[in-house]
Amino acid sequence: MEKNYLSNLSKEEEMNLLAAAQRGDNSAATALLAQYDPLVRAAAGRSYRSDSYDEALCEAFFALYSAIITYDKGKGVPFAAWARAKVYGDIRTITNRMNREMQRRREPERLLHGRWARGRLRRLYRGYTGLAGRIQSF
């Protein structure tokens, strides 16, 4: 009986649970989610912002559930590798999305400070006055 490196289940038990979960058995999906709980928590803990742990944890559980549903045994990839790649990839995606959102929120502050901002404001003003002149000519 060969063991999975991320789970306490044998490969046969894991494949049986996967097949049952893909057919819609909620108890099988719950058992798989419980077996891979350490993977999910480790992935969520790697999110770069400490205030986003809960959101990252939810995203990681959703990614694991998605990995359970979309797993294809015919591709020859072990489920543990598929689940790990899916969970870590989705956590990386949500972390990048949150970082971009925070950067967009800080962008107006950066626009108002320093030499770069004065040039930017001059260009904006020139564009505005040029646009205002074109609108008045109609």
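What counts, and where the lines are drawn
- Residues numbered from 1 in each chain as written.
- Predicted model: local features only at pLDDT ≥ 70, side-chain atom pairs only at ≥ 80, totals over all residues.
- Heavy atoms only, no water.
- Core = buried A, V, L, I, M, F, W, Y, C linked by side-chain atoms within 4.5 Å.
- Buried < 20%, exposed > 50% of the residue type's maximum accessible area, 1.4 Å probe, protein only.
- Helix = DSSP H or I, 4+ residues; strand = E, 2+ residues; numbered from the N terminus.
- Salt bridge = Lys/Arg side-chain N within 4 Å of Asp/Glu carboxyl O.
- pLDDT = per-residue confidence, 0-100.
- Arc of directions from axis to C-beta.
- Phe/Tyr/Trp six-rings, centres within 6.5 Å; stacked < 30°, edge-to-face > 60°.
- Lys NZ or Arg CZ within 6 Å of the ring centre and 35° of its normal.

The subject of this paragraph is the nonpolar core. Formed by 28 residues in total, the largest nonpolar core has its most connected members in L32, Y36, L64, I68, F79 and V87. Those elements giving two or more residues to this core turn out to be α1 (11-22), α2 (26-35), α3 (37-45), α4 (53-70) and α5 (79-111). In terms of residue count, the dominant contributor to this core is α5 (8 residues).

Scanning all chains against the criterion turns up 2 salt bridges. As a salt-bridge pair, D37 and R41 come within 3.1 Å of each other at their nearest N and O atoms. One end of the pair, D37, and the other, R41, are both in helix α3, 4 residues apart, so they sit about a helical turn from each other. Judged by its relative accessible area of 22%, D37 is partly exposed. Looking at R41, the relative accessible area reads 40%, which means it is partly exposed. K86 is the partner of D90 in a salt bridge, and the nearest nitrogen-oxygen pair spans 3.4 Å. Of this pair, D90 and K86 both sit in helix α5, 4 residues apart, which is roughly one turn of that helix.

Quick look at the confidence of the model for the chain now. Within the chain, residue pLDDT values average 78, and 68% of them lie at 70 or more. The least confident element of the chain is helix α6 (residues 114-136), whose mean pLDDT is 59; the most confident is α2, at 92.

On to α3, then. Among all positions in α3, only L39, V40, A43 and A44 are buried. Looking straight down α3, one finds that the buried residues subtend no more than 130° of arc, so they occupy a single side.

One can find L39 in helix α3. Between the C-alpha atom of L39 and that of A83, which follows or precedes it by 44 residues, the distance is 8.9 Å.

Both the distance between ring centres and the angle between the ring planes are used here to describe each pair of aromatic rings. One pass over the full model with this rule turns up 2 aromatic pairs. Here Y36 and F79 contribute two aromatic rings whose centre-to-centre distance is 5.4 Å and whose plane-to-plane angle is 80°, an arrangement assigned as edge-to-face. Separated by 43 residues along the polypeptide, Y36 in the loop between α2 and α3 and F79 in helix α5 bring together distant segments of the chain. Exposure class is identical for Y36 and F79. Each is buried. A ring pair is formed by Y71 and F79, whose centres lie 5.3 Å apart and whose planes are at 85°; its orientation type is edge-to-face. There is no split in this pair, since Y71 and F79 are both buried. Members of the aromatic cluster, joined through ring pairs, are Y36, Y71 and F79. Positioned above the aromatic ring of Y88 is the side chain of R84, whose terminal nitrogen or guanidinium carbon lies 4.7 Å from the ring centre.

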